[in-house]
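One-letter residues, chain by chain:
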Amino acid sequence: MPREASAGGVVVRDQGSELEVAVIRPHGRSLWALPKGHVDPGETPEQTAAREVWEETGLRATLVAPLGEIRYVYQFRGQRIFKRVHFYLFRYQSGVLGDIQHAGHRVEVDETRWVPLVRVAALLGYKGEKAIAARAARMLLRAGASLVLSGVRPEGTGD
């Protein structure tokens, strides 16, 4: 069975009393998802996740911590493909959400949105991404959002 690797990110920003996560609505779909895409040759999953965040949201973000991976099998043109998607927690750095008109890139995203962290897992359309978002929320809430988003990952947050 062929294998594929992708990577993506949970991008979080602090809006005063509330944390928000950047989500996308992929082109031609009615569901919400996390930004992600294929790992290119020579790229690490972390590099891919940062690139995909920028390409699909318009945001530059700083890597904070790994969030784990989801695995599934899907079918394409009659062939079953095993897929692994590595996810990472990112802290918003700069950029305007939705500014995704990058030269030479095909349109992959129809809409972007900031969503409160407490609502993101319920909004996402894929079961595995819901679990990743919930893990990010637990990590941020348990360890203290400002501590985690500063890049410090306290002991015991290996969730």
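Please refer to the structure placed before this passage.
Anyway, here's the lowdown on the structure attached to this text. (Residues numbered from 1 in each chain as written. Predicted model: local features only at pLDDT ≥ 70, side-chain atom pairs only at ≥ 80, totals over all residues. Heavy atoms only, no water.)

Our focus in this paragraph is the packing of aromatic side chains. Using the criterion set out here, one finds two aromatic pairs in the structure. Centre to centre, the rings of Y92 and W114 are 5.8 Å apart; their planes meet at 90°, and the pair counts as edge-to-face. One end of the pair, Y92, is in strand β5 (residues 79–95); the other, W114, is in strand β6 (residues 109–116), with 22 residues separating them in the sequence. (Phe/Tyr/Trp six-rings, centres within 6.5 Å; stacked < 30°, edge-to-face > 60°. Helix = DSSP H or I, 4+ residues; strand = E, 2+ residues; numbered from the N terminus.)

So, about unusual backbone geometry. Unlike most non-glycine residues, R77 shows phi in positive territory, near 50°. Looking at where R77 falls in the secondary structure, it is placed in the loop between β4 (59–76) and β5. With a relative accessible area of 77%, R77 lands in the exposed category. (Buried < 20%, exposed > 50% of the residue type's maximum accessible area, 1.4 Å probe, protein only.)

As a further point, take the pattern of salt bridges. Pairing is possible between side chains that carry opposite charge, provided their charged atoms lie close to one another. Throughout the structure, instances matching the rule amount to twelve salt bridges. Salt-bridge contacts for R13 lead to E20; the nearest nitrogen and oxygen are separated by 2.6 Å. Residue R51 is joined to E55 by a salt bridge in which the shortest nitrogen-to-oxygen separation is 3.3 Å. Residue R51 and its partner E55 are located together in helix α1 (residues 45–57), separated by four residues, close to a single helical turn. Summarising the burial analysis for this pair, R51 and E55 share the class buried. Each of D40, E43, R51, E52 and E55 takes part in salt bridges that share partners, so that together they form one network. (Salt bridge = Lys/Arg side-chain N within 4 Å of Asp/Glu carboxyl O.)

Formed by 24 residues in total, the largest nonpolar core has its most connected members in V10, V21, L67, L89 and V120. Every element with two or more residues in this core is listed here: β1 (3–15), β2 (18–26), β4, β5, α2 (117–123) and α3 (127–143). The dominant element in this core, judged by the number of residues it contributes, is α3, at six residues. Residues contacting L67, with those up to four places away along its chain left out, are V10, F87, Y88, L89, I132, R135, A136 and M139. Among the nonpolar cores identified, the runner-up in size contains ten residues, and A22, A49, L59 and F90 belong to it. (Core = buried A, V, L, I, M, F, W, Y, C linked by side-chain atoms within 4.5 Å. Contact = heavy atoms within 4.5 Å.)

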